[in-house]
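Coordinates in review
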Amino acid sequence: MQISIRLLGSTELYVDGRIATPSAAKRRAVLAGLAMEANRPVSLSRLAGMVWGDASPASAVANLRSHAAALRHALGDRLIARPVAYELRLSPHEVDVDEFQRLAAAGRADLPAGDAVAAIGKLTGALGLWRGPAGEGLPCGTALDNHWASLEEQRRQVFEELAQARLAAGEHADLLPELRRHLAAHPLRERAWGQLMLALYRCGDVPAALTAYRDAHAALREQLGIDPGEELGALHRAMLDRAPELAYADELPVVRTTDRVPTAGSAAEAAESGAGVPVPIPVVPRELPADLVAFVGRTAEVAELVGAVTGATPAAVVVSGPPGSGKTALAVRAAHEVSAEFPDGQVFVDVASQPSVTAEEVLGRVLRALGLPAAEVPAGGDERAGWYRSRVAGRRILLVLDGVTGAEQVRPLIPAGAGPALIVVGQRHLHSLDGVRRVALAPVGAAGARSLLAALTGTERLEADPAATAELVRHCAGSVLALKVTGSRLASRPQLPVAALAEQLRDRRDRLDLLAFGHLSVRVSLAVNVAAARAADELAGRLLELLGESPDAVAAPDRTAARLGVSTRRVWQALEDLVDAHLVHRDEPGGYRLPALVRDYAVELAAMPSVTQNPGWRAGSAAA
């Protein structure tokens with residue numbers, strides 16, 4: 001079955017080349033939400049937020065199941081029912097968003113290499129996929145709004161990257177009307193103002209270029225109360241000085257990652273080197289996600305992480321902890337604190353807890369971020385590792401890898417000498433990595449949990465009912481993610497008593513449904529991490545199902561081995577791997593127990609039909 005889903009405009013569905021778009025807007029919203037989260041389970045509560053926002057009707061679940069049943073007529077077995085969730089299986093080429101992002105990345109990679117013509121073709125192709133505003137025709141005020149806003153921001157960025165390539169190709173005159181229309185719609189885009197100024201300057205209209213700067217200054221002061229940034233100011237000063245590097249060069253020079261990029265104010269340096277850069281090309285990556293505002297506690301862990309990446313060689317550290325413990329937030333906070341010490345760039349790669357992602361793929365992603373054109377990235381892993389070490393040697397570059405599941409994914413990226421630093425984020429300790437420091441996160445304590453809730457909901461509300469607040473903290477079981485969901489849910493409903501939410505969370509059967517809000521979901525976090533553990537060892541997944549059948553019991557390897565028909569040593573090894581993945585705790589001597597929230601998810605796993613329950617699986621495992 002060939003599927004094509006178009007989200008860059010009105011939502012459209014094509015199956016085997018024939019249009020199969022649902023007529024109902026809410027059904028299209030379900031399709032769009034599942035496509036945006038393709039290959040990951042989307043809980044019914046999240047889907048409801050995508051369709052109705054915060055005003056879900058009492059019949060939301062029944063309506064969603066009806067919409068899913070109708071979509072399955074077109075999508076067949078691509079739409080999979082999970083426990084209180086649905087998952088849509090798609091390949092990257094089947095969603096226009098993925099194709100847009102692929103073309104944009106490819107065109108962006110051509111710019112540092114000086115291939116403006118290739119960049120123009122790819123970036124034009126990326127923008128050509130758009131048929132209208134993202135999310136057109138779907139309900140407004142839902143959780144999908146953030147997705148559409150993000151896509152529109154990417155669209156604006158690609159337009160400006162295309163404008164940069166066209167300036168490099170000498171198309172400044174043809175570009176003028178498009179830049180003016182872009183700025184009429186988005187008057188706070190400083191980069192586009194700089195491009196308009198440069199296009200006017202190269203057309204010989206210096207007064208108009210200087211007027212454009214005054215217009216940018218007025219727009220920023222009026223709407224934001226700020227002056228233009230240093231880059232735009234430097235371009236303005238260079239125009240006043242008639243700086244020679246602003247003149248159009250027939251060929252855009254190659255800018256390597258080891259070169260310093262001249263700014264509009266560095267005329268003397270450019271004249272001495274003979275290099276004229278038409279538009280400043282950013283070859284220093286700044287890829288860190290935004291730092292979280294609601295970040296509470298973990299002071300010692302942040303300090304330990306900062307010390308690890310700024311200390312002795314190799315400056316490498318592994319951050320590990322249970323699902324939802326705030327590992328990524330900790331790494332991003334520490335990375336922002338030390339970013340000034342890594343002026344040659346910060347690269348962020350999300351491995352997305354996929355064991356199938358290889359070190360070769362990660363190396364390719366990092367090399368492209370460091371300015372190596374995609375066509376020049378070596379094919380072999382050893383050669384990629386060599387190129388990586390050569391490019392970062394002695395340079396102050398910070399690399400953050402999130403969602404790592406195995407040491408083999410990151411071993412080639414450990415710094416070989418002074419200069420670069422590496423932060424690895426994952427559930428496992430990755431003990432086989434030599435010479436790295438480790439920061440292990442424990443569940444957040446009661447005091448830290450109350451502080452995080454207070455940051456999201458307000459102290460007075462919690463102090464009004466301390467007993468209910470304590471119960472909420474217990475139900476969240478030290479999970480930062482669960483606390484964020486709970487706090488966000490309370491913040492969105494100021495009239496909801498803390499005690500009412502605490503009472504709802506008492507029922508284990510509904511707890512994971514309630515621990516989902518917007519894009520945050522404890523169930524999805526657990527599902528991703530359990531899937532990674534199952535991919536590494538099928539027996540681990542079966543053990544979690546068995547533990548879910550008696551969620552409050554302590555598992556003994558010998559009894560479990562007898563039940564499964566495998567050796568005790570094999571079961572012990574799988575249980576220890578689950579301990580390393582923070583999905584099982586050691587309890588009494590020789591016993592193992594499920595952590596609180598993992599227990600709730602394991603109960604759901606146990607209720608699902610499992611292919612691992614057939615006799616053939618037992619025979620295969622016993623042979624292993």
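The following paragraphs examine the structure supplied in this document. None of the values given here were measured: they were computed from a predicted structure.

Buried within helix α10 (residues 230-240) we find L232, G233, A234, L235, H236, A238 and M239. Turning to α10, the residues buried within the fold contact α8 (190-202) and α9 (206-224). Count one or two residues on from α10 and you reach R242, which has phi positive near 55 degrees.

Counting 77 residues, the largest nonpolar core has I5, L88 and M239 as its most contacted members. Not counting residues within four places of it along the chain, the set of residues in contact with L88 comprises I5, L31, L34, A35, A38, N39, L75, R78 and L79. The next biggest cluster of nonpolar side chains, apart from the first, holds 55 residues, and it includes V444, L452, V473 and V480.

All right, on to the pattern of salt bridges then. On inspection of all chains with the given rule, the structure shows 34 salt bridges. For E161, the salt bridge is made with R108, and the minimal N-O distance between the two is 2.7 Å. With E161 in helix α6 (residues 145-168) and R108 in helix α4 (residues 96-110), the pair connects residues that are 53 residues apart, well separated along the chain. Its salt-bridge partner being R586, residue E576 comes within 2.5 Å of it at the nearest N-O pair. Of this pair, E576 sits in helix α25 (residues 568-580) while R586 sits in strand β14 (residues 585-586), placing them 10 residues apart in sequence. Connected through salt bridges with shared partners, the residues R508, R511, D552, R599 and D600 form a single ionic network.

Okay, the layout of surface pockets next. Space left empty within the atom packing is revealed by a probe, the size of a water molecule, rolled over the atoms. By volume, the second largest pocket is sized at about 930 Å³. Lining the second largest pocket are 37 residues; nearest its centre among them are S45, G49, R489, A516 and F517. Those elements giving two or more residues to the lining of the second largest pocket turn out to be α2 (44-52), α3 (60-75), α6, α19 (480-492), α20 (498-504), α21 (508-514) and β12 (516-517). In terms of residues, the lining of the second largest pocket owes the most to one element, α2, which gives six residues. Partitioning the lining of the second largest pocket into residue classes produces 17 nonpolar, 13 polar and seven charged.

Attention shifts here to the side chain of D402. Tracing the sequence through the fold places D402 in strand β9 (residues 398-404). The charged side chain of D402 is buried without a salt bridge, its nearest counter-charge being K327 at 7.1 Å. Every residue in contact with D402, bar those within four places of it in the chain, is listed here: T328, F348, V349, D350, V351, A352 and V425.

What follows is about unusual backbone geometry. A positive phi angle, near 55 degrees, is found at D16, a position not held by glycine. Structurally, the position occupied by D16 is in the loop between β2 (12-15) and β3 (18-19). Of the residues examined, D16 reaches a relative accessible area of 47% and is grouped as partly exposed. A positive phi angle, near 55 degrees, is found at S353, a position not held by glycine. Within the secondary structure layout, S353 lies in the loop between β8 (346-350) and α14 (359-369). Judged by its relative accessible area of 14%, S353 is buried.

Moving on: the pairing of strand β6 (residues 85-88). Going residue by residue along β6, you find A85 and E87 tucked away on one face and Y86 and L88 tucked away on the opposite face as well. Across two bridges, the pairing between strand β4 (residues 42-43) and β6 is antiparallel. Of the residues in β6, the one forming a bridge with S43 is A85. For strand β5 (residues 79-82) and β6, the ladder comprises four bridges, and the chain directions are antiparallel. Paired with A81 across the bridge in β6 is Y86. Here β5 hands over to β6 after two residues, with V84 in that stretch at a positive phi of 45 degrees.

Viewed as axis vectors pointing N to C, helix α22 (residues 522-536) and helix α26 (residues 596-607) meet at an angle of 70 degrees, and their least axial separation amounts to 10 Å. Put simply, α22 runs roughly perpendicular to α26. Of the residues in α26, those touching α22 at V522, R523, L526, A527, V530 and R534 are L597, V598, Y601, E604 and L605. The residue makeup of the contact of α22 with α26, split by class, is eight nonpolar, no polar and three charged.

Moving on: the sheet that holds β2. Neighbouring strands of a sheet are bound in pairs by backbone hydrogen bonds; such pairs are parallel or else antiparallel. Reading across the sheet, the three strands line up as β1-β2-β3 and stay open at both edges, with antiparallel pairing between neighbours. Every other strand in the sheet has two partners, leaving β1 (3-6) and β3 as the edge strands with one partner each.

Turning our eyes to something else, we now look at the packing of aromatic side chains. Applying the stated criterion to the full structure yields one aromatic pair. With centroids separated by 5.7 Å and ring planes inclined at 85 degrees, the aromatic side chains of F100 and W130 adopt a geometry described as edge-to-face. In this pair, F100 is assigned in helix α4 and W130 in the loop between α5 (116-128) and α6, connecting sequence segments 30 residues apart. Looking at R396, its charged tip hangs above the ring of F342, at a distance of 4.3 Å from the centre.

Conventions used here
Residues numbered from 1 in each chain as written. Predicted model: local features only at pLDDT ≥ 70, side-chain atom pairs only at ≥ 80, totals over all residues. Heavy atoms only, no water. Buried < 20%, exposed > 50% of the residue type's maximum accessible area, 1.4 Å probe, protein only. Helix = DSSP H or I, 4+ residues; strand = E, 2+ residues; numbered from the N terminus. Contact = heavy atoms within 4.5 Å. Core = buried A, V, L, I, M, F, W, Y, C linked by side-chain atoms within 4.5 Å. Salt bridge = Lys/Arg side-chain N within 4 Å of Asp/Glu carboxyl O. 1 Å grid on protein atoms, 1.4 Å probe; cavity = no way out; pocket = protein on both sides within 12 Å on 5 of 7 lines; lining within 4 Å. Points joined across faces, edges and corners; volume = space filled by probe spheres on them. Nonpolar A, V, L, I, M, F, W, Y, C, P; charged D, E, K, R; others polar. Lys, Arg positive; Asp, Glu negative; His and termini not counted. Pairing = 2+ DSSP bridges. Axes fitted to C-alpha atoms, helices over the stretch in contact; angles between N-to-C directions. Parallel < 35°, antiparallel > 145°, perpendicular 65-115°, else oblique. Phe/Tyr/Trp six-rings, centres within 6.5 Å; stacked < 30°, edge-to-face > 60°. Lys NZ or Arg CZ within 6 Å of the ring centre and 35° of its normal.

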